[in-house]
Amino acid sequence: MIIILLGAPGSGKGTIAELIQKKHQIPIISSGEILRAEMNKRTEIGKKVSRFLLSGELVPDEIINSLIENKIKQLRYEQSVIIDGYPRNQNQAIALNKVWKSELIVFYLDLPKKTLVDRLLHRGRVDDTEKIIERRFEVYLNETQPLIDYYTRTDVLIKINEISSMEIFKKIETVL
Ligand code: ADP
């Protein structure tokens, strides 16, 4: 089974992923972490993607799709996995369907924007400046929000309205 965490920047996807991982011993694939690792290691891919991360844009689909596909191929097929930050648009969702045919469940973390922005401003990652945060939200609205409809139509989306990561995790546990 693939557990997808979908939510705006600051919704706590990374924290929730870790809580699920600890409880169920399921590996996490985090697209943001993979990209930041490439950047920190200054690989060819890292050099290509840094300007996207530092401006709040999505990196090109071909790059992220192939990075994620490689990670998925390292898993045993019957194994479950938590994916944090991917897919982020419809193209990516279609690419994921092609590499993973088993069951899929999407948790959509729906928090008020003000809470999210306050959190991000306190987190202090290099892309957590006011200007880049604003762009990340625009990109989220334009590109990622449509996935909510996409996954609702295929009946795999579960919306969670809690704010604290502990409460979100509890709700997720009742489903898993
Ligand atoms: P957040 O959810 O707070 O924006 P992430 O770590 O998920 O944090 O993403 C940080 C940045 O990494 C994004 O702004 C984007 O540039 C890039 N990124 C992460 N995941 C993807 C993805 N699936 N497709 C394209 N770009 C991505």
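Residues numbered from 1 in each chain as written. Predicted model: local features only at pLDDT ≥ 70, side-chain atom pairs only at ≥ 80, totals over all residues. Heavy atoms only, no water.

Enquirer: Please explain unusual backbone geometry as it appears in this structure.
Expert: Trans is the prevailing form of peptide bonds, just as negative phi is the prevailing case for residues other than glycine. The omega torsion across Tyr-86 and Pro-87 is -5 degrees, close enough to zero to call that bond cis. Along the polypeptide, Pro-87 turns up in the loop between strand 3 (81-84) and helix 5 (90-99). One non-glycine residue, Gln-25, adopts positive backbone phi at about 55 degrees. Here Gln-25 shows up in the loop between helix 1 (13-24) and strand 2 (28-30). Owing to a relative accessible area of 65%, Gln-25 belongs among the exposed residues under this scheme. (Helix = DSSP H or I, 4+ residues; strand = E, 2+ residues; numbered from the N terminus. Buried < 20%, exposed > 50% of the residue type's maximum accessible area, 1.4 Å probe, protein only.)

Enquirer: Just checking my understanding: could you explain the packing of aromatic side chains for this structure?
Expert: How two aromatic rings sit relative to each other is set out by the distance from centre to centre and by the angle between their planes. Summed over the entire model, instances satisfying the criterion amount to 1 aromatic pair. Ring centres of Tyr-150 and Tyr-151 lie 5.0 Å apart, and the angle between their planes is 70 degrees; this geometry places the pair in the edge-to-face category. Seen from the ring of Phe-137, Lys-113 lies directly overhead, with NZ or CZ sitting 4.9 Å from the centre. (Phe/Tyr/Trp six-rings, centres within 6.5 Å; stacked < 30°, edge-to-face > 60°. Lys NZ or Arg CZ within 6 Å of the ring centre and 35° of its normal.)

Enquirer: Help me out: how do you make sense of the sheet that holds strand 3 in this one?
Expert: To summarise the sheet geometry, strands pair through backbone hydrogen bonds and adopt either a parallel or an antiparallel arrangement. Spatially, 2-3-1-4-5 is the arrangement adopted by the 5 strands of the open sheet, whose pairing is parallel. One side of each edge strand has no neighbouring strand; the edge strands of this open sheet are strand 2 and strand 5 (157-160). In this sheet, adjacent strand axes meet at a mean angle of 20 degrees when their direction is disregarded. With 4 bridges connecting them, strand 4 (residues 104-109) and strand 5 associate as parallel partners. Residue pairing for strand 5: Val-106 is matched across the bridge by Leu-157. The strands touched by helix 1 are strand 1 (2-7), strand 2, strand 3 and strand 4; relative to strand 1, the strand with the most contacts, the crossing angle is about 155 degrees. (Pairing = 2+ DSSP bridges. Axes fitted to C-alpha atoms, helices over the stretch in contact; angles between N-to-C directions. Contact = heavy atoms within 4.5 Å.)

Enquirer: What's the story with the layout of surface pockets in this structure? I'm lost.
Expert: If you roll a probe as big as a water molecule over the atoms, it shows you where there is empty space left. Considered as a void within the structure, the largest pocket measures approximately 860 Å³ in volume. Along the walls of the largest pocket sit 41 residues, with Lys-13, Gly-32, Arg-36, Arg-88 and Arg-125 positioned nearest its centre. If you list the elements that add at least two residues to the lining of the largest pocket, you get strand 1, helix 1, strand 2, helix 2 (31-40), helix 3 (44-53), helix 6 (113-123) and helix 7 (130-144). Here the lining of the largest pocket takes 5 residues from helix 2, the largest share from any one element. For the second largest pocket, the calculated volume is near 170 Å³. Considering each element in turn, the lining of the second largest pocket owes the most residues, 5 residues, to helix 7. Of the residues belonging to the lining of the second largest pocket, the class tally is 8 nonpolar, 1 polar and 4 charged. (1 Å grid on protein atoms, 1.4 Å probe; cavity = no way out; pocket = protein on both sides within 12 Å on 5 of 7 lines; lining within 4 Å. Points joined across faces, edges and corners; volume = space filled by probe spheres on them. Nonpolar A, V, L, I, M, F, W, Y, C, P; charged D, E, K, R; others polar.)

Note that every value here comes from positions in space, so none of it alone points to a role or purpose.
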